[in-house]
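Each chain, letter by letter, is given below.
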Amino acid sequence: MTEQVRVRFAPSPTGPLHIGGARSALFNYLLARRTGGQFIVRIEDTDLERSSRESEENILDSLAWLGITWDEGVRVGGPHAPYRQTERLNTYRDAADKLIAAGKAYRCYCSEEELEAERQAFSEKGELPRYSGKCRCLTPDDEQRYQAEGRRPVLRFRVPDEGAVVIDDQVRGQVTFECEGIGDFIIVKSDGIPTYNFAVVIDDALMDITHVVRGEEHLSNTPRQVLIYEALGLKQPRFAHVSLILGKDRSKMSKRHGSTSVVAYQSQGYLPEALINFLVLLGWSPAGEEEIFSLEALCEQFSLERVAKSPAVFDADKLNWLNGMYIRQAAPERIRDLALPFLIEAGYVPAEPDEVMVQKVGLMVQAIQEKLVNLGEVTTMAPLFFGETVQFESEEAKAVLAEEQVPVVLQAFLQKLTDGRALEPGTIKAIFKEIGKETKHTGRKVFMPVRVALTGQMHGPELHFLIPALGSHVAEVRVRTTAAEAGLAL
RNA sequence: GGCCCGUUGGUCAAGCGGUCUAAGACACCGCCCUUUCACGGCGGCUACAGGGGUUCGAAUCCCCUACGGGUCACCA
């Protein structure tokens, strides 16, 4: 029998999509695509305080940006709708009633203060702080009295006193938890909203989820969930807990380590395919030696068997390398269009650029595409292309213009630059050839002075790309002003 | 602290008892290419946490220790 794989990504909308969440989503997505199964996106918004529609939109937008699509869930609907937990409250209530009727769950009237005091007492005695189970055997009279006091009960799951829960994890192998170490936990809060541990089980079961692939932080929750599956007689999915993504100091990835949200990387100018490629390599390894993968390629290669157990440190260097890789491979027009917003933001380009400006940016991109690490960098390179004047980056640069062949070379350059021919990479190359022939100066002796006169710097993009991007007017002005500054009369 | 999980070079990682005097990638260093930078090519550097077992043989299996991480909420 070949069971149809059904996996899901179930974020809680309490903030933007985290890099770790994105990887979980990716793994689920890939597993579904690889097996011809379905991928579901469900929203776990039972934390009323912290959940917001904005976060939900942000998360969904980030997934879409990454190219991760889903077959069922919010935005697209499906046979198991609704896909937002706050819209499924009746379903959870039914399940809770069942548990109460079977004596597997009970009402607890303890206040948070009482619980806190209890935990305190336990830890002072050197024991593990947990729920004592004191509401386990309340009589109807007790309950009535509490109710009269105005107490709102929570619903607790009655955890067996003995026994153990064994999880056969797809990436970790067999993991055993003793029931003894699990206190009776809350499945419905006093406001009637189910807790995560409860709702997740009901939803996964009702939505026929076959594999739960999620972060390792959920591993210790899993025995509680398994207990609920068992109590309700529901079919359990296979579990796969993927290790966490760590920061440079090996602690859980957080703001201190830099950007943690997908939007942050998006706004820094990373390409979605680079982020995908990077993320998949964090915890999963290909069978062969190739490491550059498109989403489509990953859909054919991904497998849970090759997911690593150990946590991975987020390596920004490698992300940068990958991003540069994808930028180099991308069509120049695409990079140009992606670069435009950055230049507009930085004030180099008007909000509504005309065709001439777009073309200029296109030429600029052509010149720097091979050295860009991320799109945001166009902003730091922009001064090279915008503005009529430049500064010498160093005395060493300025000194280049003091070499004896410079006046002749620059004069020749200026003359050819303004003789009316169209400025294209080909003609620029021709110009340098002509200069060589006419002045008998070639190589470094002609390129370097022109470069410095044009940019004030000794390094930079190919001149045959740079000059067309500048245009003959700006180029001429820059050469004349820098030359003058260096004490040269042209 | 209890309970879980993990530990191969600076980083990501291959390896699933012999073919390991341990692959590949990023980073780093050197060389080459080149008008500069970058790209690209070539080469180099550096690792099985420690200690006990099991076995003819262990990076691979078991135990202990150390270290790292996760989790112990009316958050997910």
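Residues numbered from 1 in each chain as written. Chains lettered and ligands numbered in written order. Predicted model: local features only at pLDDT ≥ 70, side-chain atom pairs only at ≥ 80, totals over all residues. Heavy atoms only, no water.

(A) Spatial organisation of the side chain of R88. Along the chain, R88 falls in the loop between β3 (72–73) and α3 (89–101). Here R88 falls in the buried class, since its relative accessible area comes to 6%. When residues no more than four places from it in sequence are discounted, the contact partners of R88 are H80, A81, P82, D203, L206 and M207. (Helix = DSSP H or I, 4+ residues; strand = E, 2+ residues; numbered from the N terminus. Buried < 20%, exposed > 50% of the residue type's maximum accessible area, 1.4 Å probe, protein only. Contact = heavy atoms within 4.5 Å.)

(B) Broad picture of the protein's contact with RNA strand B. Near RNA strand B, the surroundings consist of 55 residues, among which R172, K189, N221, K371 and H459 are the closest. Within the contact set of RNA strand B, a sugar or linking oxygen lies 2.8 Å away from a side-chain nitrogen or oxygen of D47. Between RNA strand B and the protein, one listed contact pairs a sugar or linking oxygen with a side-chain N or O atom of K318 at 3.3 Å. Breaking the surface near RNA strand B down by element, the ones donating at least two residues are α4 (112–124), β7 (173–178), β12 (312–313), α11 (316–329) and α18 (444–455). Sort the elements by how many residues they give to the surface near RNA strand B and α11 lands first, with four residues. (Near = heavy atom within 4 Å. Polar contact = N/O pair within 3.5 Å; in protein donor to acceptor, adjacent residues only side chain to side chain.)

(C) Spotlight on the nonpolar core. In terms of nonpolar packing, the biggest core is built from 143 residues, with I187, F198 and F413 touching the most fellow members. The element that contributes the greatest number of residues to this core is helix α1 (residues 19–35), accounting for nine residues. Within the second largest apolar cluster, seven residues are counted, among which are C108, L115, Y131 and V154. (Core = buried A, V, L, I, M, F, W, Y, C linked by side-chain atoms within 4.5 Å.)

(D) Summary view of the sheet that holds strand β8 (residues 186–188). A sheet is described by the order of its strands in space; here three strands give the open sequence β4-β5-β8, paired in antiparallel fashion. On the outer flanks of this sheet lie β4 (105–108) and β8, each paired with one strand and no other. Looking at each pair of strands side by side, their axes are set apart by 45° on average, direction ignored. In this sheet, β8 lies alongside strand β5 (residues 154–157) in antiparallel orientation, the contact comprising two bridges. Among the inter-strand pairings, R156 is bridged to a residue of β8, identified as I186. (Pairing = 2+ DSSP bridges. Axes fitted to C-alpha atoms, helices over the stretch in contact; angles between N-to-C directions.)

(E) Structural view of the confidence of the model for chain A. Of the residues in chain A, 99% have a pLDDT of 70 or more, and the chain-wide mean is 93. Scoring the predicted complex yields pTM 0.95 and, for the interface, ipTM 0.95. (pLDDT = per-residue confidence, 0-100.)

(F) Here's a closer look at the packing of helix α16 (residues 406–417) against helix α17 (residues 425–439). At a closest axis distance of 10 Å, the pairing of α16 and α17 adopts a crossing angle of 135°. As judged from the angle between their axes, α16 and α17 are oblique. Along this stretch, α16 crosses α17, giving a crossing that reads as right-handed. Across from V408, V409, A412, F413, K416 and L417 in α16, the residues of α17 making contact are I431, F432, E434, I435, E438 and T439. Looking at the contact of α16 with α17, its residues break down into eight nonpolar, one polar and three charged. (Parallel < 35°, antiparallel > 145°, perpendicular 65-115°, else oblique. Left-handed = near helix turned anticlockwise from the far one by under 90°. Nonpolar A, V, L, I, M, F, W, Y, C, P; charged D, E, K, R; others polar.)

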